[in-house]
Amino acid sequence: MRVIETQTKLRSQIQEWKRQGLTIGFVPTMGNLHTGHLSLIALAKQKTDKVVCSVFVNPLQFGPNEDFARYPRTFEQDRQQLAEAQVDVLFFPKMEEMYPHGAQQTLVTVPAGLTDLLEGAERPGHFTGVATVVLKLFNMVQPDVAVFGQKDYQQWRVIQTMVNDLALPIKLFAAPIARTEQGLALSSRNQYLQGAQCDIAPKLHVVLQDVALALRSGNRDFAALETAAQKNLLAQGFDAVDYVQICHPETLQFAGADDVEFVILAVARLGQTRLLDNLIVSLNEP
Ligand code: AMP
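Attention here is on the structure that accompanies the text. As the structure is a prediction and not an experimental result, all values here were calculated from the model.

**A closer look at the overall build of the protein chain**
Scanning the protein chain from terminus to terminus reveals 11 helices and 9 strands. Rg of the C-alpha trace for the protein chain: 19 Å, near the compact-globule value of 19 Å for 286 residues, within the 12% margin. Counting only C-alpha atoms, the protein chain reaches 55 × 40 × 35 Å along its principal axes. Residues classed as buried in the protein chain amount to 53% of the 286 residues present.

Structure, rendered in structure tokens:
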């Protein structure tokens, strides 16, 4: 595996592969890799000849009071895991490489209908930061295929929308959520959890499964289901619930009574840690 830090070196490697007619898969990450990230890489390897994984903690997608400074940075561990996973290039750009003019940066803004709600409402500007860095990385890597996690469901919809709206020639795939045995969605932020918080955290998934069960059994009182789930999370020991919302999986607008596909999205807090999870419910499938 080659570790590349500059756009120039990356471009010449990509051009070389393209000359050879090889296809390129891309997995963007912020590092501190876990099994979830590795499942994205495995999927990219199935789809393409060469795989590039980027590790870059993107300041543009963090709010002023968020965890940018303390976000876990574990480059040596990440490098080893990526080498074992037989990634071809680890792209590890420095801040000056990605944002040479600092805040003077052209931004990519996906329409508000998708970005002002849920995570976008809790974290203003977050998806502009995500879309901007992802488009920039796409332009550097020029992948045929890019893989994202269903874990960040709204992010997945934002990237799909950007790729469609800007006619980018990139095929997107989403990998299912990787979880611990207890059901907790893997996340780099899970390591902020301490003591009893570790036992409470997996209950987020259990509560979402209860909502899914209610939907499957025909309950369409979405507001009551959301309120009950929020109360249940607080009763289970979560300190706060940012949202539990039952949405249409394409538009992320409120679900309608005649819908047969839903996504239940939730964020609950344990101390300062925000735990994000979701569950897709399709009544057309068992
Ligand atoms: P991050 O490093 O948190 O920015 O995540 C990089 C990519 O990995 C994103 O596409 C995430 O959605 C995906 N990802 C993170 N956690 C998981 C997980 N538990 N299961 C599947 N994909 C994940």
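The structure having been displayed, the exposition proceeds.
**Concerning the sheet that holds strand E6 (residues 171–175)**
One open sheet accounts for 6 strands, arranged E1-E4-E3-E2-E5-E6; its pairing is parallel. For this open sheet the edge positions go to strand E1 (2–4) and E6, each flanked by a neighbour on one side alone. In this sheet, adjacent strand axes meet at a mean angle of 25 degrees when their direction is disregarded. Pairing analysis gives 6 bridges linking strand E2 (residues 24–29) to strand E3 (residues 50–55), with the strands arranged parallel. By the bridge assignment, Thr29 is partnered in E3 with Val55. The strands touched by helix H8 (residues 153–165) are strand E5 (145–149) and E6; relative to E6, the strand with the most contacts, the crossing angle is about 175 degrees.

**A look at the pairing of E5**
With 5 of 5 residues buried, E5 is to be regarded as a mostly interior element. The two faces of E5 match: Val145, Val147 and Gly149 on one face and Ala146 and Phe148 on the other face are all buried. Here E2 runs beside E5; their pairing, made up of 2 bridges, is parallel. Note on E5: the bridge partner recorded for Gly25 is Val145. Looking at chain direction, E5 and E6 are connected through 5 bridges and run parallel. Paired with Ala146 across the two strands is Leu172, which belongs to E6. What joins E5 to E6 is H8, and the crossover it makes is right-handed.

**Details of the nonpolar core**
Grouped together as the largest cluster of nonpolar side chains are 45 residues, with contacts concentrated most on Val52, Phe138, Met162, Leu172 and Leu252. Of all elements in the fold, only helix H1 (7–19), E2, strand E4 (89–91), helix H7 (126–141), E5, H8, strand E7 (240–247) and strand E8 (261–270) reach the threshold of two or more residues within this core. Here this core gets 10 residues from one element, more than from any other, and that element is H7.

**Re the site of the ligand**
Surveying the vicinity of the ligand reveals 17 residues, the closest of which are Met30, Gly149, Asp152, Ala178 and Leu186. Between the ligand and the protein, one listed contact pairs a nitrogen atom with a backbone N or O atom of Ala178 at 2.9 Å. For the ligand, whose accessible area on its own is 480 Å², the fraction buried by protein is 93%. Taken together, the elements giving at least two residues each to the shell around the ligand come down to E2, helix H2 (35–47) and E5. The residue inventory of the shell around the ligand, partitioned by class, reads 9 nonpolar, 6 polar and 2 charged.

**Regarding the environment of Pro28**
Of note, Pro28 is situated in strand E2. Using a relative accessible area of 18% as the deciding quantity, one classes Pro28 as buried. In sequence terms Pro28 and Pro124 are 96 residues apart; their C-alpha atoms lie 22 Å from each other.

**Points about the packing of H7 against H8**
Following both chains from N to C, one finds H7 and H8 inclined at 55 degrees, their axes separated by 10 Å at the closest point. Comparing their axes, H8 and H7 come out oblique. Once H7 is placed against H8, the crossing between them reads as right-handed. From H7, Phe127, Val130, Ala131, Val134, Leu135 and Phe138 reach across to H8, where they touch Gln154, Gln155, Val158, Ile159, Met162 and Val163. When the residues that make up the contact of H7 with H8 are grouped by side-chain class, the tally is 10 nonpolar, 2 polar and no charged.

**A word on the packing of H1 against H7**
Running from N to C, H1 and H7 point in directions that differ by 50 degrees, and their axes come no closer than 8 Å. One element, H1, and the other, H7, form an angle in the oblique class. In this structure, H1 contributes Gln7, Leu10, Arg11 and Ile14 to the contact, and H7 contributes Asn139, Met140 and Val141. Tallied by class, residues from the contact of H1 with H7 come to 4 nonpolar, 2 polar and 1 charged.

Each value, and the rule that gives it
- Residues numbered from 1 in each chain as written.
- Predicted model: local features only at pLDDT ≥ 70, side-chain atom pairs only at ≥ 80, totals over all residues.
- Heavy atoms only, no water.
- Helix = DSSP H or I, 4+ residues; strand = E, 2+ residues; numbered from the N terminus.
- Rg over C-alpha atoms; globule rule 2.2 N^0.38 Å.
- Buried < 20%, exposed > 50% of the residue type's maximum accessible area, 1.4 Å probe, protein only.
- Pairing = 2+ DSSP bridges.
- Axes fitted to C-alpha atoms, helices over the stretch in contact; angles between N-to-C directions.
- Contact = heavy atoms within 4.5 Å.
- Right-handed = clockwise from strand over helix to strand, strands pointing away.
- Core = buried A, V, L, I, M, F, W, Y, C linked by side-chain atoms within 4.5 Å.
- Near = heavy atom within 4 Å.
- Polar contact = N/O pair within 3.5 Å; in protein donor to acceptor, adjacent residues only side chain to side chain.
- Areas by Shrake-Rupley, 256 points an atom, 1.4 Å probe, with all protein chains shown as cover.
- Nonpolar A, V, L, I, M, F, W, Y, C, P; charged D, E, K, R; others polar.
- Parallel < 35°, antiparallel > 145°, perpendicular 65-115°, else oblique.
- Left-handed = near helix turned anticlockwise from the far one by under 90°.

As far as function goes, none of this settles anything; it's purely spatial.
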